Amino acid sequence: MLVKNRMSTQLLTVKEDTPVLEATELMRKNSVHRLPVIRGEKVVGIVTEDDLLRVSPSTATSLSVFEVNYLLSKLMVKDAMAKDVIIIDPDSTLEEAALIMREKNVGALPVVKEGKLVGIITESNIFDAFIELMGLKETGARVTIDTEDRIGVLAEVTEIIKSFGVNIISMAASHRPDDLPEQTRGEVVLRLDTKNPEQLLKEIEKRGYKVVHVAHMTN
């Protein structure tokens, strides 16, 4: 999946000289937690709810309401925004976006093409893609199989499933170290389009694989 297929294109943006109060109200009304800051079509920053709170007077202040409102009216988005913006290209993969967010500890990336802001990709966009990719809203059975980490394992398992005429909704494989340093084992997690996988699972175990978990999915 590519960023351009999952990014939000209904963009809310602010300018550097937007008052903090106005930006806060824009976030509140639209239930968003961050806003790209633009100068023309160029992204020059990003501002979050936490950024706005950080520059706002504390609730414990001894200032009067009028004084607080006056100070807030003078604060601009440029006083609160992060200027070192991490951007991503729309043709990048979701995996790249997720890795950047994780490593840089950010919740969203402005999507920029040829210097122009074209979207924003957020953690929620990536979660939604993961849910769809893994078929989490589909009915059927979720099966976890313990396997050796060797060539041909997935082909063998899927061939057994095929012989039962069962469709695979999604499949994921993970690796983990075994007790022996020179060996590794892994798990294959399958979501199968069947409500009665019992005979299929018996055949899988008959072929030498260990079924370690089974769950039935309902939507």
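Residues numbered from 1 in each chain as written. Predicted model: local features only at pLDDT ≥ 70, side-chain atom pairs only at ≥ 80, totals over all residues. Heavy atoms only, no water.

### Some points on the overall build of the chain
Helix and strand counts for the chain stand at eight helices and nine strands. Counting across all 219 residues of the chain, residues that qualify as buried make up 35%. Nonlocal contacts in the chain, meaning residues at least 24 apart in sequence, comprise 63% of its contacts between residues at least 6 apart. Total accessible area computed for the chain in this model is approximately 13800 Å², and 51% of it derives from carbon and sulfur atoms. (Helix = DSSP H or I, 4+ residues; strand = E, 2+ residues; numbered from the N terminus. Buried < 20%, exposed > 50% of the residue type's maximum accessible area, 1.4 Å probe, protein only. Contact = heavy atoms within 4.5 Å. Areas by Shrake-Rupley, 256 points an atom, 1.4 Å probe, with all protein chains shown as cover.)

### Concerning the pairing of strand 2 (residues 34-39)
Pairing of strand 1 (residues 14-15) with strand 2 involves two bridges; the strand directions are parallel. Of the residues in strand 2, the one forming a bridge with V14 is V37. Here strand 2 pairs with strand 3 (residues 42-48) via six bridges, running antiparallel. Each residue of the ladder has a partner; that of L35, found in strand 3, is V47. (Pairing = 2+ DSSP bridges.)

### Topic: the packing of helix 5 (residues 94-104) against helix 6 (residues 123-133)
Their axes nearest at 11 Å, the elements helix 5 and helix 6 cross at an angle of 135°. On the basis of their axis angle, the class for helix 5 and helix 6 is oblique. Helix-helix and strand crossings are classified by hand; for helix 5 and helix 6 the assignment is left-handed. Residues L94, A97, A98 and M101 of helix 5 form the contact with helix 6, whose own contacting residues are E123, I126 and A129. (Axes fitted to C-alpha atoms, helices over the stretch in contact; angles between N-to-C directions. Parallel < 35°, antiparallel > 145°, perpendicular 65-115°, else oblique. Left-handed = near helix turned anticlockwise from the far one by under 90°.)

### Description of the pattern of salt bridges
This structure, assessed with the given rule, holds nine salt bridges. Close ionic contact of E25 with R28 constitutes a salt bridge, the shortest N to O distance being 2.5 Å. With E25 and R28 both in helix 2 (residues 20-30) and three residues apart, this pair spans about one turn of that helix. Residue classification places E25 among the partly exposed positions, given a relative accessible area of 30%. According to the relative accessible area criterion, R28 is exposed, its value standing at 53%. Of the charged contacts, one joins E203 and R207 as a salt bridge, the two residues approaching to 2.8 Å between their closest N and O atoms. (Salt bridge = Lys/Arg side-chain N within 4 Å of Asp/Glu carboxyl O.)

### Focus on the sheet that holds strand 2
Taken together, the three strands give an open sheet; going across it, the order is 1-2-3, and neighbouring strands pair in mixed fashion. With one partner strand each, in any of the chains shown, strand 1 and strand 3 form the two edges of the open sheet. Against the sheet, helix 2 engages strand 1, strand 2 and strand 3, with an angle of about 130° to strand 2.

### Quick word on unusual backbone geometry
We note that S31 has phi near 55°; this positive angle belongs to a residue other than glycine. For S31, a relative accessible area of 62% puts it in the exposed group. One non-glycine residue, N105, adopts positive backbone phi at about 55°. Checked against the element boundaries, N105 lands in the loop between helix 5 and strand 4 (108-113). Overall, N105 belongs to the exposed group, its relative accessible area being 69%.

### What to know about the side chain of R6
Along the chain, R6 falls in helix 1 (residues 3-6). Separated by 2.7 Å, the side chains of R6 and E132 make a polar contact. Contacts of R6, omitting those with residues within four sequence positions, involve M1, L94, I121, N125, A129 and E132. (Polar contact = N/O pair within 3.5 Å; in protein donor to acceptor, adjacent residues only side chain to side chain.)

### Some details on the side chain of T18
Among the secondary structure elements, T18 is positioned in the loop between strand 1 and helix 2. Leaving out residues up to four positions away in the same chain, T18 has contacts with A23, L75, M76 and V77.

### Concerning the environment of L75
Mapped onto the fold, L75 is located in the loop between helix 4 (65-74) and helix 5. The class of L75 is buried, set by a relative accessible area of 18%. Each C-alpha atom of the pair L75 and L21 lies 8.1 Å from the other, and the pair is 54 residues apart in sequence.

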